[in-house]
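# Close look at the chain arrangement
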Amino acid sequence: MAHTYESLRKMTIAQLRGLAKGLDHEAVQGYTQMKKDQLLPALCAALGIEAHEHHAAALAEKAGIKTRMRDLRAKRAEARGTGDHDALRQIRREYHRLNHALRTSAKHAER
């Protein structure tokens, strides 16, 4: 079975250790003592999987979020001009949610 970074990330630590048990690679030596965040990159190295393939998806998502935020800023200026307080409140909430998603995607991309 071909593994991907995402499929490995979704596995439990017991499943990852079971997979590492069958491998003879120096990266997974001491797998029984490793935590998931240590074992995952070691398994990727042993299996030859790109450990950072999730970054490409995060960058694509980031571009979409920024585009949506630009659109919301234009809508916000329009709503301010008309004095539509309900629309402003909805725009602020969505902008806040998108900003939070942008920050969390950046935080996960650093790992």
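Just above, that's the structure.
Here the structure is a predicted model, which means the values were calculated and not measured.

## Regarding the side chain of His 3
Among the secondary structure elements, His 3 is positioned in the segment before α1 (5-10). In contact with His 3, other than residues within four places in its own chain, are Leu 8, Met 11, Leu 19, Leu 47 and Ile 49.

## Details of the nonpolar core
Core analysis: the biggest nonpolar cluster contains 15 residues, and Leu 8, Leu 16, Ala 20, Val 28, Leu 39 and Leu 43 have the highest contact counts within it. A total of six residues in this core trace back to one element, the largest contributor, which is helix α3 (residues 36-47). The residues touching Leu 16, leaving out its near neighbours within four places in the chain, are Leu 8, Met 11, Lys 36, Leu 39 and Leu 43. If you look at the next biggest cluster of nonpolar residues, it comprises nine residues, including Met 69, Leu 88, Ile 91 and Leu 102.

## Some words on the packing of helix α2 (residues 13-21) against α3
Interhelical geometry of α2 versus α3 gives an angle of 35 degrees and a closest axis separation of 10 Å. In this structure, the crossing between α2 and α3 has a hand that is left-handed. Taken together, the residues of α3 that come into contact with α2 (itself represented by Ile 13, Leu 16, Arg 17, Leu 19 and Ala 20) are Lys 36, Leu 39, Leu 43 and Leu 47. When grouped by side-chain class, the residues that make up the contact of α2 with α3 number seven nonpolar, no polar and two charged.

## Comments concerning the pattern of salt bridges
Inspection of every chain in the model, using the stated rule, returns four salt bridges. The partner of Glu 6 in a salt bridge is Arg 9, with the nearest N and O atoms 2.8 Å apart. On the criterion of helical spacing, the pair formed by Glu 6 and Arg 9 is a turn pair, its members being three residues apart in helix α1. Taking relative accessible area as the criterion, Glu 6 reaches 27% and is therefore assigned partly exposed.

## Observations concerning α3
Every α-helical turn comprises 3.6 residues, leaving residues that sit three or four positions apart pointing alike. Here α3 contains twelve residues, and its C-alpha end-to-end distance of 16 Å stays within 8% of the 16 Å for a straight helix at 1.5 Å per residue. Among the residues of α3, those classed as buried are Leu 39, Leu 40, Ala 42, Leu 43, Cys 44 and Ala 46. Phi turns positive, to about 75 degrees, at Gly 48, one or two residues after α3.

Conventions and cut-offs
- Residues numbered from 1 in each chain as written.
- Predicted model: local features only at pLDDT ≥ 70, side-chain atom pairs only at ≥ 80, totals over all residues.
- Heavy atoms only, no water.
- Helix = DSSP H or I, 4+ residues; strand = E, 2+ residues; numbered from the N terminus.
- Contact = heavy atoms within 4.5 Å.
- Core = buried A, V, L, I, M, F, W, Y, C linked by side-chain atoms within 4.5 Å.
- Buried < 20%, exposed > 50% of the residue type's maximum accessible area, 1.4 Å probe, protein only.
- Axes fitted to C-alpha atoms, helices over the stretch in contact; angles between N-to-C directions.
- Left-handed = near helix turned anticlockwise from the far one by under 90°.
- Nonpolar A, V, L, I, M, F, W, Y, C, P; charged D, E, K, R; others polar.
- Salt bridge = Lys/Arg side-chain N within 4 Å of Asp/Glu carboxyl O.
- Expected span 1.5 Å × (residues − 1).

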